[in-house]
Amino acid sequence: MDLKNESVVVEFILLGFSGPWKLQIFFLVIFSLIYGATVMGNILIMVTVTFSSTLRSPMYFLLGNLSFLDMCLSTVTTPKMITDLLTAHKTISLWGCMAQMFFMHFFGDAEMTLLIAMAFDRYVAICKPLHYRTIMSPRLLSGFVILPWTIGFIHTMSQMILTMNLPFCGHNIVDNIFCDLPLVIKLACIETYTLELFVIADSGLLSFICFVLLLVSYTVILVTVRQKSSGGLAKALSTLSAHIIVVTLFFGPCIFIYAWPFSSFTGNKILAVFYTVITPLLNPLIYTLRNQKMQEAMKKLWSQYVSST
């Protein structure tokens with residue numbers, strides 16, 4: 001293709017949620033409330049884990065890191081989506097689009113890996129309680145924190161280096177609420193079939209493997225609890241079922257999007273909302289705020305703050 005005959009793309013148009021003005025206002029209020037609750041909830045968790053002397057176990061340390069990743073993942077896309085609801089011309093610069101895709105995949109990939117580390121922590125705590133402190137040593141815990149960031153960076157850069165070198169000209173409409181990697185690749189002026197296959201294999205396979213590993217780990221935990229104590233099965237099932245719901249909401253859209261990444265699917269925006277808006281709010285609710293020990297630590301910190309003022 002002769003790129004000289006095409007105008008070079010300097011910005012992309014995000015279609016976002018279209019509809020009547022009243023519907024736009026409705027989405028604006030809802031997403032603003034959800035984002036505010038997500039930020040406040042995750043900050044509350046990070047502050048509590050950092051300053052509470054009763055939450056020094058590896059589990060809460062990992063939960064604090066999860067809250068940080070959730071807040072970052074939501075911040076990459078949600079504020080832009082909210083401001084776009086106020087404007088008729090929803091645009092994002094070329095490099096702003098690239099940055100959004102990089103950080104979205106970076107934080108998302110890191111969270112996938114961290115969830116596996118958290119599942120391993122719960123496996124050791126439930127199945128090997130006598131060896132918990134020995135296995136979950138500070139060295140292993142440090143590795144569990146560094147590894148997600150490393151995998152997220154390497155995995156994301158392997159895709160973004162190829163994407164940033166693509167020529168974009170002419171078409172610049174992204175039918176989503178944010179810059180989505182499969183949709184942006186499709187707008188390139190050259191044949192991208194090989195890159196499409198690479199994205200499917202790289203992102204789709206990573207999401208699927210992480211999802212399967214999490215389900216297997218939860219199954220092993222439930223089987224172990226059932227063998228040890230029938231009374232503890234109901235409690236473990238109640239906790240892990242909530243975890244499985246959150247994991248499914250997080251991984252389900254990823255797997256679906258990358259299973260049919262280049263087809264026209266009108267539900268992509270709904271899946272994107274679950275992935276970037278709903279899940280970061282559910283994680284603190286399911287993993288942390290329902291925890292009695294976390295609630296007690298929050299009350300204690302609040303009492304200390306009130307008494308010192």
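Reading the values: the criteria
Residues numbered from 1 in each chain as written. Predicted model: local features only at pLDDT ≥ 70, side-chain atom pairs only at ≥ 80, totals over all residues. Heavy atoms only, no water. UniProt positions renumbered as here; feature names shortened; annotations may be inferred. Helix = DSSP H or I, 4+ residues; strand = E, 2+ residues; numbered from the N terminus. Contact = heavy atoms within 4.5 Å. Areas by Shrake-Rupley, 256 points an atom, 1.4 Å probe, with all protein chains shown as cover. Salt bridge = Lys/Arg side-chain N within 4 Å of Asp/Glu carboxyl O. Buried < 20%, exposed > 50% of the residue type's maximum accessible area, 1.4 Å probe, protein only. Core = buried A, V, L, I, M, F, W, Y, C linked by side-chain atoms within 4.5 Å. Pairing = 2+ DSSP bridges. Disulfide = S-S within 2.5 Å. Patch = residues over 30% accessible without salt bridge, like charges linked within 9 Å, V, L, I, M, F, W, Y side chains within 5 Å.

- Where an unreviewed UniProt entry is consulted, the protein chain appears under the name Olfactory receptor, with the organism given as Loxodonta africana.
- UniProt, in its Sequence similarities (unreviewed entry) section for the protein chain, records the words "Belongs to the G-protein coupled receptor 1 family."

**Here we look at the overall build of the protein chain**
Then, number 1: Summing up its helical and strand segments, the protein chain has ten helices and three strands in all.
Then, number 2: For the protein chain, the succession of helices and strands along the chain, N to C, is β-α-α-β-α-α-α-β-α-α-α-α-α.
Then, number 3: Residue pairs in contact within the protein chain that sit at least 24 positions apart in sequence constitute 80% of those at least 6 positions apart.
Then, number 4: Summed over its atoms, the accessible surface of the protein chain is roughly 15400 Å², and 70% of this surface lies on carbon and sulfur atoms.

**Topic: the pattern of salt bridges**
Pairs can form between side chains of opposite charge once their charged atoms are near each other.
Then, number 1: Tallying each qualifying case throughout the model produces two salt bridges.
Then, number 2: Two residues, aspartate 84 and lysine 80, come together in a salt bridge whose shortest N-O distance is 3.2 Å. With aspartate 84 and lysine 80 both in helix H2 (residues 58-84) and four residues apart, this pair spans about one turn of that helix.
Then, number 3: Of the residues examined, aspartate 84 reaches a relative accessible area of 7% and is grouped as buried.
Then, number 4: Relative accessible area serves as the criterion here: at 21%, lysine 80 is assigned to the partly exposed category.

**Focus on the nonpolar core**
Then, number 1: One finds Phe12, Phe17, Phe31, Met101, Phe168, Val184 and Phe251 to be the most contacted residues of the largest nonpolar core, which totals 84 residues.
Then, number 2: With 16 residues, the top contributor of residues to this core is helix H3 (residues 94-127).
Then, number 3: With sequence-adjacent residues up to four places away left out, phenylalanine 17 is seen in contact with Gln24, Phe27, Phe31, Met81, Leu85, Lys90, Ile177, Lys269 and Val273.

**Regarding the UniProt feature "transmembrane region" (unreviewed entry) in the protein chain**
Then, number 1: Sites flagged by UniProt as "transmembrane region" (unreviewed entry) map to residues 25-47, 59-82, 102-120, 140-162, 205-225, 237-258 and 270-289.
Then, number 2: The annotated region residues 102-120 carries 100% helix and 0% strand content, and the separation between its end C-alpha atoms amounts to 27 Å.
Then, number 3: For the annotated span residues 140-162, helix accounts for 100% and strand for 0% of the residues, and the straight-line distance between the end C-alpha atoms is 33 Å.

**Re the sheet that holds strand E2 (residues 91-93)**
Two modes of strand pairing occur in sheets, parallel and antiparallel, and in both the strands are linked by backbone hydrogen bonds.
Then, number 1: Strand order in the open sheet formed by three strands is E2-E1-E3, with mixed pairing between adjacent strands. Looking along the sheet, the strands with just one partner apiece sit at the ends: E2 and strand E3 (173-174).
Then, number 2: With three bridges connecting them, strand E1 (residues 11-14) and E2 associate as antiparallel partners. By the bridge assignment for E2, glutamate 11 is matched with serine 93.

**Focus: the state of the cysteines**
Then, number 1: This model, assessed by the stated rule, comprises two disulfides.
Then, number 2: In this model, cysteine 97 is linked to cysteine 179 through a disulfide, with the two sulfur atoms separated by 2.1 Å. Note on the cysteine 97 and cysteine 179 pair: the S-S dihedral is about -130 degrees, so by sign convention the disulfide is left-handed. You can see cysteine 97 sitting in helix H3 and its partner cysteine 179 sitting in the loop between E3 and helix H6 (181-186), a full 82 residues away along the chain.
Then, number 3: What pairs with cysteine 169 in a disulfide is cysteine 189, and their sulfur atoms sit 1.8 Å apart. Here cysteine 189 lies in the loop between H6 and helix H7 (193-228) and cysteine 169 lies in the loop between helix H5 (138-164) and E3, a separation of 20 residues in the sequence.
Then, number 4: We classify cysteine 189 as buried; its relative accessible area is 7%.
Then, number 5: If one numbers only the bonded cysteines of the protein chain, in the order they occur, the disulfide pattern is 1-3, 2-4.

**Examining the pairing of E1**
Then, number 1: Only one face of E1 is covered, namely the one carrying Phe12 and Leu14; the face carrying Glu11 and Ile13 has none of its residues buried.
Then, number 2: With two bridges joining them, E1 and E3 adopt parallel strand pairing. Counterpart to isoleucine 13 in the pairing with E3 is isoleucine 173.

**Quick notes on a nonpolar patch on the surface**
Then, number 1: Together, Leu205, Phe208, Ile209, Val212, Leu213, Val216 and Val220 make up an exposed nonpolar region whose accessible area comes to about 570 Å².
Then, number 2: Residue position: phenylalanine 208 is located in helix H7.

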